[in-house]
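Remarks on the overall topology
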Amino acid sequence: MSKIIQVKDKKFAVSIPEEKIQAEVKRVAAAINRDYAGQEPVFLAVLNGSFVFAADLMREIDIPCEISFVRLASYQGMGTTGEIREIMGLNVDVTGRPVIIVEDIVDTGLTMAHMLDTLKKHNPSSIDICTLLLKPGKLQVSLDVRYCCMEIPNDFIVGYGLDYDGYGRNTKDIYTLCD
Ligand code: 5GP
């Protein structure tokens, strides 16, 4: 019988157990170690959701690297009607350096598309996306996701850093919303 947890008013069932997550994180980290050998990448982990994934991933990375935890902020620019996005917390100079974005989940892909646009203005030498999860069925933009631990169906998930209304981040397994 699958493990069920309650997060606020909703029930969730285990869909990806801890062992599977850890194996996939190790697989992706090994690929990064191989592909980035001789380079010194800067990892940019997007808060809040990626903090657990980033912590596990980084401990499997054995090449020289830096990490910075960033947040995507949106605000209305003075005198414009358009939404402006900025990367908050980018306290590493990425100019001329390879950057690996660490994301919890790519859903429509719009967040990552905005992040790529904004990051390019900081002139890194390259940008790769590394995501824990990807919902291929929800993708709305063409996005080159070089590193992906797992592809999942279009269901809502929590756990391992991902939240439901701020709760449920503190689990080792990943859970899917019950019908
Ligand atoms: P996108 O811009 O790709 O549509 O959305 C990305 C963001 O939406 C993720 O960083 C995450 O915060 C949130 N998100 C998308 N799907 C889920 C989900 O199934 N569960 C949770 N907890 N957050 C999700």
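This write-up is about the structure you can find in this document. (Residues numbered from 1 in each chain as written. Predicted model: local features only at pLDDT ≥ 70, side-chain atom pairs only at ≥ 80, totals over all residues. Heavy atoms only, no water.)

**What about the site of the ligand?**
Residues in contact with the ligand amount to 15 residues; listed here are only the nearest, Thr-108, Thr-111, Lys-135, Ile-157 and Asp-163. In the environment of the ligand, an oxygen atom lies 2.8 Å from a nitrogen or oxygen atom belonging to the backbone of Gly-109. Ranked by the residues each element gives to the shell around the ligand, the list is headed by strand S6 (residues 98-106), at 4 residues. For the shell around the ligand, the residue count by class is 6 nonpolar, 3 polar and 6 charged. (Near = heavy atom within 4 Å. Polar contact = N/O pair within 3.5 Å; in protein donor to acceptor, adjacent residues only side chain to side chain. Helix = DSSP H or I, 4+ residues; strand = E, 2+ residues; numbered from the N terminus. Nonpolar A, V, L, I, M, F, W, Y, C, P; charged D, E, K, R; others polar.)

**A few points about the sheet that holds strand S10 (residues 174-177)**
Two strands in a sheet stick together by hydrogen bonds in their backbones, pointing the same way (parallel) or opposite ways (antiparallel). Read across the sheet, 4 strands follow the order S1-S2-S10-S9 without closing on themselves; strand pairing throughout is antiparallel. Among the strands making up the open sheet, the edge pair consists of strand S1 (4-7) and strand S9 (157-158). When S9 meets S10, the two strands line up antiparallel, connected through 2 bridges. Its bridge partner being in S10, Ile-157 is matched across the sheet by Thr-176. (Pairing = 2+ DSSP bridges.)

**What about the packing of aromatic side chains?**
Taken as a whole and judged by the stated rule, the model has 3 aromatic pairs. Geometrically, the ring pair formed by Phe-12 and Phe-156 is tilted, given 6.4 Å between the ring centres and 50° between the ring planes. Pair noted here: Phe-12 is in strand S2 (residues 10-16) and Phe-156 is in the loop between strand S8 (147-151) and S9, with a separation of 144 residues, a long-range link. For Phe-12, a relative accessible area of 0% gives the class buried. (Phe/Tyr/Trp six-rings, centres within 6.5 Å; stacked < 30°, edge-to-face > 60°. Buried < 20%, exposed > 50% of the residue type's maximum accessible area, 1.4 Å probe, protein only.)

**Some thoughts on the nonpolar core**
The biggest cluster of nonpolar side chains holds 31 residues, and the ones touching the most others in it are Ile-32, Phe-53, Leu-57, Leu-132 and Leu-133. Elements that contribute at least two residues to this core include exactly helix H1 (18-35), strand S3 (42-46), helix H2 (51-58), S6, strand S7 (126-134) and S8. If you tally residues by element for this core, the top one is H1, at 6 residues. Setting aside its immediate chain neighbours within four residues, Ile-32 contacts Ala-37, Phe-43, Ile-61, Ile-63, Ile-100, Cys-130 and Tyr-147. Of all hydrophobic cores here, the second largest spans 21 residues; its members include Val-70, Met-115, Leu-116 and Cys-148. (Core = buried A, V, L, I, M, F, W, Y, C linked by side-chain atoms within 4.5 Å. Contact = heavy atoms within 4.5 Å.)

**Concerning the pattern of salt bridges**
Summed over all chains, the structure comprises 13 salt bridges. A salt bridge links Asp-56 to Arg-59, with the nearest nitrogen and oxygen atoms 2.7 Å apart. Judged by its relative accessible area of 14%, Asp-56 falls in the buried class. Judged by its relative accessible area of 62%, Arg-59 is exposed. Residue Arg-97 is joined to Glu-66 by a salt bridge in which the shortest nitrogen-to-oxygen separation is 2.6 Å. Of this pair, Arg-97 sits in the loop between strand S5 (83-88) and S6 while Glu-66 sits in strand S4 (residues 66-76), and the two are 31 residues apart along the sequence. Connected through salt bridges with shared partners, the residues Lys-20, Glu-24 and Arg-27 form a single ionic network. (Salt bridge = Lys/Arg side-chain N within 4 Å of Asp/Glu carboxyl O.)

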